[in-house]
Amino acid sequence: MIVAGCDVGSVMTKVVIMNGESLSHHIIETGFKPDIAAKNATDKALAKAALSFDDVKYCISTGDGGKNVSFANKYLSQLQCLSKGAYWLIPSVKTVVDAGGNATRAISVGKDGRVLSYRLNDKCAAGGGRFFEVLADALELKLDELGPLSQRSKNPLEIASQCTVFAESEVISLINEGKDPVDIIAGINRSITSRMASLIRDLGVRKDVVLVGGVAKNSGAVQSLEGYLGVSIKTVPTDPQIVGALGAALFAMDALKK
Amino acid sequence: MIVAGCDVGSLTAEAVILDDNEIMSSEIIRVRPRPEQSAKDAMDKALANAGLSLEDIAYCVSTGYGRTKIPFANGNLSEISCHGKGAHWLIPSVRTVIDIGGQDCKAIKVDKNGKLLKFVMNDKCAAGTGRFLEVMAKTLEVELGEIGPLSLSSQNPVVITNMCSIYAQIEVSFYIAQGADLHDVAAGINIAMAGRMKGLVAKVGVEEEVVITGGVAKNIGVVKHLEEMLNVSTKKLEVDPQIVGALGAALFARENSHQNGGD
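Definitions and cut-offs
- Residues numbered from 1 in each chain as written.
- Chains lettered and ligands numbered in written order.
- Predicted model: local features only at pLDDT ≥ 70, side-chain atom pairs only at ≥ 80, totals over all residues.
- Helix = DSSP H or I, 4+ residues; strand = E, 2+ residues; numbered from the N terminus.
- Rg over C-alpha atoms; globule rule 2.2 N^0.38 Å.
- Buried ≥ 20, exposed ≤ 12 C-beta atoms within 10 Å, placed from the backbone.
- Contact = placed C-beta atoms within 7 Å.
- Nonpolar A, V, L, I, M, F, W, Y, C, P; charged D, E, K, R; others polar.
- Pairing = 2+ DSSP bridges.
- Axes fitted to C-alpha atoms, helices over the stretch in contact; angles between N-to-C directions.
- Domains from an automatic or database assignment.
- Core = buried A, V, L, I, M, F, W, Y, C linked by C-beta atoms within 7 Å.
- Expected span 1.5 Å × (residues − 1).
- Parallel < 35°, antiparallel > 145°, perpendicular 65-115°, else oblique.
- Left-handed = near helix turned anticlockwise from the far one by under 90°.

Colleague: How should I be thinking about the overall build of chain A in this particular structure?
Modeller: The helix and strand inventory of chain A stands at eight helices and ten strands. Its C-alpha radius of gyration of 18 Å places chain A within 12% of the 18 Å reference for a compact globule of 258 residues. A principal-axis box enclosing the C-alpha atoms of chain A has dimensions of 60 × 35 × 30 Å. Taking all 258 residues of chain A together, 50% fall into the buried category. Summarising the internal contacts of chain A: among those between residues at least 6 apart in sequence, 70% fall at separations of at least 24.

Colleague: Hey, could you run me through the interface of chain A and chain B in this one?
Modeller: Size of an interface, as often reported, equals the accessible area lost when the parts are brought together. Between chain A and chain B, the contact holds 14 residues from the first and 16 residues from the second. Listing elements by their share of the side of chain A that touches chain B, those giving two or more residues are helix 3 (129–138) and helix 5 (164–176) of chain A. Per-element accounting of the side of chain A that touches chain B gives the leading share, four residues, to helix 5 of chain A. Residue classes in the side of chain A that touches chain B are distributed as seven nonpolar, five polar and two charged.

Colleague: Please explain the sheet that holds strand 2 (residues 12–18) of chain B as it appears in this structure.
Modeller: By way of backbone hydrogen bonds, the strands of a sheet pair with one another, either parallel or antiparallel. Residue and element names in this part refer to chain B. An order of 3-2-1-4-5 is seen for the five strands of this open sheet, with the pairing classed as mixed. The sheet terminates laterally at strand 3 (23–30) and strand 5 (75–76), the two strands that pair on one side only. Pairing of strand 2 with strand 3 involves seven bridges; the strand directions are antiparallel. Bridged to I17 within strand 3 is S25. Packing of helix 8 (residues 244–259) onto the sheet brings it into contact with strand 1 (3–8), strand 2, strand 3, strand 4 (59–63) and strand 5, and relative to strand 1 it is tilted by some 140°.

Colleague: Help me understand the sheet that holds strand 6 (residues 95–99) of chain A in this model?
Modeller: Residue and element names in this part refer to chain A. Overall, mixed pairing links the five strands, which are arranged 8-7-6-9-10 in an open sheet. The strands lining the two open edges of the sheet, one partner per strand, are strand 8 (115–121) and strand 10 (233–235). In this sheet, adjacent strand axes meet at a mean angle of 25° when their direction is disregarded. Two strands pair when backbone bridges link them, and strand 9 (residues 209–212) and strand 10 are joined in this way by three bridges, in the parallel orientation. Pairing of L211 across the sheet is with T235, part of strand 10. The sheet contacts of helix 7 (residues 219–229) involve strand 9 and strand 10, and relative to strand 10 the element is tilted by about 150°.

Colleague: Can you walk me through the domain arrangement of chain A in this structure?
Modeller: All names here are of chain A. Under the domain assignment, chain A is made up of domain 1 (1–90 + 239–258) and domain 2 (92–235). Put simply, the middle of domain 1 and the middle of domain 2, counted by C-alpha atoms, are 25 Å apart. Contacts between the two partners involve 17 residues from domain 1 and, on the opposite side, 24 residues from domain 2. Here the side of domain 1 that touches domain 2 gets eight residues from one element, more than from any other, and that element is helix 2 (residues 78–89). Across the side of domain 1 that touches domain 2, the residue classes break down as ten nonpolar, five polar and two charged.

Colleague: Could you clarify how one ought to interpret the environment of F252 of chain B in this entry?
Modeller: On the secondary structure map, F252 of chain B appears in helix 8. F252 of chain B has contacts with V61, L77, C82 and K85 of chain B, leaving out every residue within four places of it along the chain.

Colleague: How should I be thinking about the pairing of strand 2 of chain B in this particular structure?
Modeller: In regular strands, side chains alternate between the two faces of the sheet. All names here are of chain B. With seven of its seven residues buried, strand 2 lies for the most part within the structure. Burial along strand 2 is two-sided: the residues T12, E14, V16 and L18 and A13, A15 and I17 are all buried. Strand direction decides the pairing type here: strand 1 and strand 2, joined by six bridges, are antiparallel. By the bridge assignment for strand 2, C6 is matched with A15. A loop of three residues connects strand 1 with strand 2, the two strands running antiparallel in sequence. Once strand 2 ends, the chain turns through four residues before running back antiparallel as strand 3.

Colleague: What's the story with the nonpolar core in this structure? I'm lost.
Modeller: Generally speaking, nonpolar side chains in soluble globular proteins are found buried as a group. If you look at the biggest cluster of nonpolar residues, it comprises 158 residues, and the most contacted ones within it are C6, A86 and A249 of chain A together with A4, C6, V16 and A250 of chain B. Here the element with the most residues in this core is helix 6 (residues 182–204) of chain B; it accounts for ten residues.

Colleague: How should I be thinking about helix 2 (residues 79–90) of chain B in this particular structure?
Modeller: Helical geometry note: an α-helix holds 3.6 residues per turn, so side chains three or four residues apart project in the same direction. Residue and element names in this part refer to chain B. For helix 2, built from twelve residues, the straight-helix expectation of 16 Å at 1.5 Å per residue is met to within 8% by its first-to-last C-alpha distance of 16 Å. Buried residues dominate helix 2, accounting for eleven of its twelve residues. Those residues of helix 2 lying buried are E79, I80, S81, C82, H83, G84, K85, G86, A87, H88 and L90.

Colleague: What is the right way to read the domain arrangement of chain B from this model?
Modeller: Residues and elements named next belong to chain B. By the assigned domains, chain B splits into domain 1 (1–91 + 238–263) and domain 2 (94–236). On the side of domain 2, 22 residues touch domain 1, which itself brings 16 residues to the contact. For the side of domain 1 that touches domain 2, the element with the highest residue contribution is helix 2, accounting for eight residues. Split into classes, the residues belonging to the side of domain 1 that touches domain 2 amount to seven nonpolar, eight polar and one charged.

Colleague: Would you explain the packing of helix 6 of chain B against helix 7 (residues 220–230) of chain B in this entry?
Modeller: Residue and element names in this part refer to chain B. One way to put it is that helix 6 packs onto helix 7 with a least axis distance of 8 Å and a crossing angle of 50°. Between helix 6 and helix 7, the angle is such that the two are oblique. As helix 6 runs across helix 7, the sense of the crossing is right-handed. In this structure, helix 6 uses A186, A187, N190, I191, M193, A194, G195, M197, K198 and V201 to contact helix 7, whose residues at the interface are G221, V222, H225, L226, M229 and L230.

Colleague: Mind showing me how you'd approach the packing of helix 6 (residues 181–203) of chain A against helix 7 of chain A here?
Modeller: Packed helices, taken two at a time, are described by the angle between their axes plus the distance between the axes. All names here are of chain A. The contact between helix 6 and helix 7 brings their axes to 8 Å, and the two run at 50°. As far as their axial angle goes, helix 7 and helix 6 are oblique. Read as a crossing pair, helix 6 and helix 7 show a hand that is right-handed. Facing helix 6, whose interface residues are A186, N189, R190, I192, T193, S194, M196, A197 and I200, helix 7 presents G220, A221, S224, L225, Y228 and L229. Of the residues contributing to the contact of helix 6 with helix 7, the split by class is nine nonpolar, five polar and one charged.

This is the structure in structure tokens:
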């Protein structure tokens, strides 16, 4: 039984193909044509599993652009899919935090991976993954370099601006003042995760806390968030960006079993 | 007596030189890395325009975000007081001053003497400030000054739903990629700016006359939409709207120098 889960985010499109218990996935940039991005990512994920598009028996889409996926049988919300995917990967999960490109979500997970309640910030880029992208660009670094670099910092700098646009200028000033980039990056991690922590505390911190989405790849941010929340944070044993797509594929599998 | 005002903002710095009752000269420059450099550059140019030197200035008041770091200033005051003062001197019937600068925006209420009654300010979020327009100009690949004129011929402005500048930028990129008309996108940007200002102004209450100061007052599209939203027509200034803060500082300098015996 082969199914697909297709998570069309505002920045990245993630597809998971499930063939029984075995998975393959692919991630590409969404760009400006979500439907085409979804099809391309699905084809690539299928190719990795030596499958073709006709083999897919059921497909569920999710994400900001998920409603534009013409070949999907059904659309489900990101909250449902994230919760489902995280629960399948780590059954002890009670709180899922998704820090993606355009929104940060904290979800309280109940029995069988169901959504109990959630908090969402999709109004302001501060405290979200987009902030990291903007600041990595300002520092001329790749996103995945931020984590290891920040962990070398002894004196994280304070980034006073909350607004991402203003923080970018602040970071540029700090660079021009000759501050150590390592301390700047550590300051950025603290700035972003302190705002994420407020969102999670507002929901309620219940262990285990699992962090997914692109920000989970930043080990410095994970460590900093642990400090703010006072709990250890689990990361998933697969790419943290595909958890929503995985949840969609799991729902697709359920749909076929019925 | 000749006095001066110097307004060092986040993006531009302005200097105004004032004779007994008229503006002798003014200057607007793009800021340098340090506020003292910006202030000196703006002041030197304003002095040169008037054929004066720094010794001719009896008193100088600084304002703006860099105001405490200006070595030649005799005192400093907040830009809120200075914008109220400057706008009231130019248009004595003014009661509401809307200042939209590079990195903040304010709505200021003044009484019939130009005295500050109340104000609200946003300096935490780029939405509703000149920075929002800068980000958008870059996205549209046009000059900052073109967004206003471009928007005027729009028939169907796009709707920008995001308030956050970062997310709105993605939204604008999406409109452009879909082939939206540049005029309609520019109009959507100006409407978003005006909408954000409307919310701020509502907190102090609109009372006529209304004046818009700061660099964004030069964007004819933002002014037009804000006038429509507030249901008022704003008074046009006879001077560059960016120098109003420095002008207010110079007016305070004149008052202070009188109090200090006019040395």
